[in-house]
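Given next are the chains, with one letter for each unit.
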Amino acid sequence: MEPLIITAAITGSRITRKQSPYIPITPEEIVQSSIECWRAGASIVHIHVRDPETGLGCQDIEIFKQVVEPLREQTDLILCLTTSGIPGKNLPTDQRLAPLSLKPELASFDAGSINLGNALFANPPDFLKEAARRMKEAGVKPELEVFDLGMIMTCLRMAEAGDLEPPLHFQLVLGTPYGAPATPKALIHLQEHLPEGATWSVLGAGRGGLPMAMMAIIMGGHVRVGMEDTIYFAKGVLAKSNVQFVERITKLAKEYGRALATPSEAREILGIM
Ligand code: ZN
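Now for a description of the structure that goes with this document.

For any two helices packed against each other, one specifies the inter-axial angle together with the distance between the axes. Between helix α6 (residues 184-192) and helix α7 (residues 209-219), whose axes approach to 10 Å, the crossing angle comes to 45 degrees. One way to sum up the angle between α6 and α7 is to call them oblique. The two elements α6 and α7 meet at a crossing, and its hand is right-handed. Where α6 abuts α7, its residues Pro184, Leu187, Ile188 and Gln191 lie against Met212, Met215 and Met219.

Here it is in structure tokens:
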């Protein structure tokens, strides 16, 4: 089986200090937490940055630089920058795609629209086409975030049309309230629809995180964990850091006998050498 790629999703765009005092907010905190996760075995970090005024997600390129530059200097992590902004706020396309100018190796590509909380996270076809075009232009590999089977179909159609280039890499997002549930059955169903040669990782939102990670370890997929996906390490117990989640996965992988991918091995697996 391929070595396991662990992605750490450090902060997301919405969790506030009120919800968890441990959530990294400032660029320094995001960098620090990313480095801890890298030392513990993560090969990718999924990065959002926060507006210093509101504390919520923003697409300010100057703030992204304060995270990207030190991580490039101090680690060999693969950086996956978000293009979602704040899901539900539906920022203009240029703002959402601004992080591509930093030429990360990966950027998130949310392959369709979905209700999240009380809002619509809008990713209509024209946005997807534009995002795919600009990622190709910038040499950035899209990480195809899919919340249900229809989004996989969208990616397959876009690949057929030449908008997305194989090998495709999927991030299966399970356990959001209105998307596919974080159950073994749903995961297997989605995975069975992925094209030949695709790679995939899974994240389970909230309490779905651990079971989905365990499934991915045995199925040959990859794993995303971190405080963007849940702030709880166990029922009613707040995680104190992102590294706790990474360490739990490394322990499980070791017990099972699956090696961890270094960032350079992850590059090879994802075809971003
Ligand atoms: Zn994200």
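What follows concerns the coordination of the zinc ion. Around the zinc ion, the protein contributes the donor atoms His46 (NE2), His48 (NE2), Glu228 (OE) and Glu228 (OE), which lie 2.1 to 2.8 Å from the metal centre. Bound by four donor atoms, the zinc ion shows angles of 51 to 128 degrees at the metal and therefore irregular coordination geometry. Each donor residue of the zinc ion belongs to the same chain, with the gaps between them written as H-x1-H-x179-E. Note that His46 is positioned in strand β2 (residues 44-47) and Glu228 in the loop between β12 (222-225) and β13 (232-234), a separation of 182 residues in sequence. According to the relative accessible area criterion, His46 is buried, its value standing at 1%.

We now examine the packing of α7 against helix α8 (residues 242-256). The interhelical angle for the contact between α7 and α8, taken along N-to-C directions, is 35 degrees, at an axis separation of 10 Å. Relative to α8, α7 is oriented so that their crossing is right-handed. Across the interface between the two elements, Leu210, Ala213, Met214, Ile217 and Ile218 from α7 touch Arg248, Ile249, Leu252, Ala253 and Tyr256 from α8. Among the residues forming the contact of α7 with α8, the class breakdown is nine nonpolar, no polar and one charged.

Moving on, we come to the pairing of strand β9 (residues 141-146). Within β9, six of the six residues are buried, which leaves it mostly tucked inside the rest of the structure. Side-chain alternation along β9 places Lys141, Glu143 and Glu145 on one buried face and Pro142, Leu144 and Val146 on a second face that is also buried. Sheet analysis places strand β6 (residues 106-110) next to β9, joined by five bridges and oriented parallel. Within β9, the residue paired with Leu106 across the bridge is Lys141. Across four bridges, β9 lies against strand β10 (residues 169-174) in parallel orientation. Bridge pairing in β10 places Leu144 opposite Phe170. Each parallel crossover has a hand, and the one from β9 via helix α5 (residues 149-160) to β10 is right-handed.

Ranked by size, the top nonpolar core spans 76 residues in total, and within it Ile47, Leu71, Phe109, Phe170 and Leu172 carry the most contacts. The element best represented in this core is helix α4 (residues 125-138), accounting for six residues. In this structure, Ile78, Cys80, Ala266 and Ile272 belong to the second largest nonpolar core, which totals ten residues.

A word on the pattern of salt bridges. In total, this model carries twelve salt bridges according to the counting rule given. Arg133 is the partner of Glu130 in a salt bridge, and the nearest nitrogen-oxygen pair spans 3.0 Å. Highlighted residues: Glu130 and Arg133, both in helix α4, separated by three residues, approximately one helical turn. Looking at Glu130, the relative accessible area reads 21%, which means it is partly exposed. Given the relative accessible area of 43%, Arg133 is considered partly exposed. One network of salt bridges, in which partners are shared, links Asp94, Glu130, Arg133, Arg134 and Glu137.

This paragraph deals with unusual backbone geometry. Cis geometry is found at the peptide bond from Pro166 to Pro167, where omega equals 0 degrees. Relative to the assigned elements, Pro167 resides in the loop between α5 and β10. Despite not being glycine, Asn90 has its phi angle at roughly 50 degrees, a positive value. Here Asn90 is to be found in the loop between β5 (78-81) and α3 (93-97). Residue classification places Asn90 among the partly exposed residues on the basis of a relative accessible area of 32%.

All right, on to the sheet that holds β12 then. Overall, parallel pairing links the eight strands, which are arranged β1-β2-β5-β6-β9-β10-β11-β12 in a closed barrel. In this sheet, neighbouring strand axes are inclined to one another by 25 degrees on average, regardless of whether the strands run parallel or antiparallel. α8 contacts β1 (6-9) and β12 of the sheet and is inclined by roughly 160 degrees relative to β1.

Conventions used here
- Residues numbered from 1 in each chain as written.
- Predicted model: local features only at pLDDT ≥ 70, side-chain atom pairs only at ≥ 80, totals over all residues.
- Heavy atoms only, no water.
- Axes fitted to C-alpha atoms, helices over the stretch in contact; angles between N-to-C directions.
- Helix = DSSP H or I, 4+ residues; strand = E, 2+ residues; numbered from the N terminus.
- Parallel < 35°, antiparallel > 145°, perpendicular 65-115°, else oblique.
- Left-handed = near helix turned anticlockwise from the far one by under 90°.
- Contact = heavy atoms within 4.5 Å.
- Donors = N, O, S within 2.8 Å, 3.2 Å for Na, K, Ca; no water.
- Tetrahedral: all angles 85-135°; square planar, octahedral: opposite > 155°, others 65-115°.
- Buried < 20%, exposed > 50% of the residue type's maximum accessible area, 1.4 Å probe, protein only.
- Nonpolar A, V, L, I, M, F, W, Y, C, P; charged D, E, K, R; others polar.
- Pairing = 2+ DSSP bridges.
- Right-handed = clockwise from strand over helix to strand, strands pointing away.
- Core = buried A, V, L, I, M, F, W, Y, C linked by side-chain atoms within 4.5 Å.
- Salt bridge = Lys/Arg side-chain N within 4 Å of Asp/Glu carboxyl O.

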